[in-house]
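Chain by chain, the residues run as shown.
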Amino acid sequence: DTEDTFIIAEDLTIASGITISTQGNDDLFLVSGTVLTSGTLNLSAGGDFTFGALNIAAGGTYNATTGETIIDNDMNGVINGNAGAFLNEGTFTHNSGTVVTSGASGKVYINYTGTPTEPTTFYNLTAKTSTDYTAIKSDIIVENILDNQKYFMMNGGSRAFTLTIGTSGQQGIINNLNTFSMNYSYYKDIKIKGASEVYPAILSGTNYVWSSVHADTGSQVFIENVHFKDDIETGEVEGGCGFTLTG
């Protein structure tokens, strides 16, 4: 194997029926714009790869690296008007790798628009944007660690969804080092749950901002199958917000 370098200053589009693969974990693959794959992008040989945005279209596949897939909002990627985004409407295979959201230019959205594949399953998900939040708005599973280094938001809006941590045979962890926010649940319920009652999710850290929930239509926050110790204050909300603990 020899080191290969792929640096694309704008966008990369992989058409249906086309496969692009790397050969080794020393390959450099950087796309400053948006990667849009309707075919197959196979980076499973390993290494760390940086994209401005990653859009896995319906029928498309991203066979992820065992290293890091970095979505950097300091670059030029845009999906449906959102800079620095990850959208899976096709097939995402995590290969025990890590998806990292980074940058200092604003927010990073994960499965926020369009018709995302639900659930999309990550192995590790690391949020470390330095000036704003990483937000989800659809069902996702994080099998191992959700590592929140800065600001992570479950942004409900008009869509009910669940964040599942762990697997049926393994505990998963939310490693919350800064701010974890439940927000904008105006119309629908949002939930954090461990994948198994036998292996409950571990919620570490203390700065879980439950009071950011807006529930003017009676939305609820569900916490299920978790190991968690913290003082919970939901704050004053209109419409009778529900906060339900089970498991």
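All values derive from a computational prediction rather than experimental measurement. (Residues numbered from 1 in each chain as written. Predicted model: local features only at pLDDT ≥ 70, side-chain atom pairs only at ≥ 80, totals over all residues. Heavy atoms only, no water.)

Draft legend 1. Looking closely at the overall build of the protein chain. A tally of regular secondary structure across the protein chain gives zero helices and 27 strands. Counting the 247 residues in the protein chain, one finds 49% classified as buried. Long-range contacts, defined as pairs at least 24 residues apart, comprise 56% of the intrachain contacts of the protein chain with a sequence gap of at least 6. About 10,300 Å² of surface is accessible on the protein chain, with carbon and sulfur atoms providing 44% of the total. (Helix = DSSP H or I, 4+ residues; strand = E, 2+ residues; numbered from the N terminus. Buried < 20%, exposed > 50% of the residue type's maximum accessible area, 1.4 Å probe, protein only. Contact = heavy atoms within 4.5 Å. Areas by Shrake-Rupley, 256 points an atom, 1.4 Å probe, with all protein chains shown as cover.)

Draft legend 2. Broad picture of the sheet that holds strand S7 (residues 61–63). Pairing in this open sheet of four strands is parallel, and the strands run S3-S5-S7-S12 from one edge to the other. The open sheet has two edge strands with one neighbour each: strand S3 (19–21) and strand S12 (91–93). Adjacent strand axes in the sheet meet at a mean angle of 5°, parallel and antiparallel pairs treated alike. Where strand S5 (residues 40–42) meets S7, three bridges bridge the pair, whose relative direction is parallel. Bridge assignment links Asn 42 to a residue of S7, and that residue is Asn 63. (Pairing = 2+ DSSP bridges. Axes fitted to C-alpha atoms, helices over the stretch in contact; angles between N-to-C directions.)

Draft legend 3. Here's a closer look at the side chain of Ser 196. For Ser 196, the position within the fold is in the loop between strand S22 (190–194) and strand S23 (201–204). Classification of Ser 196 by relative accessible area gives buried; the value is 10%. Side-chain polar atoms of Ser 196 contact the backbone nitrogen of Val 198, separated by 3.0 Å. Polar contacts involving the side chain of Ser 196 include one to the main-chain amide nitrogen of Tyr 199, which spans 3.3 Å. Residue contacts for Ser 196: discarding those within four places in its chain leaves Thr 167, Ser 168 and Asn 225. (Polar contact = N/O pair within 3.5 Å; in protein donor to acceptor, adjacent residues only side chain to side chain.)

Draft legend 4. Looking closely at the pattern of salt bridges. Per the counting criterion, the structure on display carries two salt bridges. With a shortest N-O distance of 3.2 Å, Asp 132 and Lys 107 are connected by a salt bridge. Residue Asp 132 is found in the loop between strand S15 (120–127) and strand S16 (134–136), and its partner Lys 107 is found in the loop between strand S13 (98–102) and strand S14 (108–110); the two are separated by 25 residues along the sequence. Using a relative accessible area of 29% as the deciding quantity, one classes Lys 107 as partly exposed. Ionic pairing is found between Glu 224 and Lys 191, a salt bridge with its closest N-O pair at 3.2 Å. Separated by 33 residues along the polypeptide, Glu 224 in strand S25 (residues 220–224) and Lys 191 in strand S22 bring together distant segments of the chain. Judged by its relative accessible area of 21%, Lys 191 is partly exposed. (Salt bridge = Lys/Arg side-chain N within 4 Å of Asp/Glu carboxyl O.)

Draft legend 5. Region of the structure containing unusual backbone geometry. Following Glu 118, the chain continues to Pro 119 via a peptide bond in cis, the omega torsion being -10°. Phi is positive for Asn 80, close to 50°, though the residue is something other than glycine. Here Asn 80 shows up in the loop between strand S9 (78–79) and strand S10 (82–83). For Asn 80, a relative accessible area of 54% gives the class exposed. Unlike most non-glycine residues, Asn 95 shows phi in positive territory, near 55°. Judged by its relative accessible area of 25%, Asn 95 falls in the partly exposed class.

Draft legend 6. Examining the environment of Ala 135 more closely. Topologically, Ala 135 is positioned in strand S16. Residue classification places Ala 135 among the buried positions, given a relative accessible area of 0%. Sequence spacing of Ala 135 and Met 153 is 18 residues, and the spatial spacing of their C-alpha atoms is 4.7 Å. Beyond its immediate sequence surroundings of up to four residues, Ala 135 is in contact with Val 108, Tyr 109, Ile 110, Tyr 112, Met 153 and Asn 155.

Draft legend 7. Structural context of the packing of aromatic side chains. Tallying each qualifying case throughout the model produces 14 aromatic pairs. On the basis of an interplanar angle of 85° and a centroid distance of 6.0 Å, the ring pair of Phe 29 and Phe 51 is categorised as edge-to-face. With Phe 29 in strand S4 (residues 28–37) and Phe 51 in strand S6 (residues 49–56), this pair connects stretches of sequence that are 22 residues apart. Each of the two residues, Phe 29 as well as Phe 51, counts as buried. (Phe/Tyr/Trp six-rings, centres within 6.5 Å; stacked < 30°, edge-to-face > 60°.)

Just distances and angles here, no functional claims.
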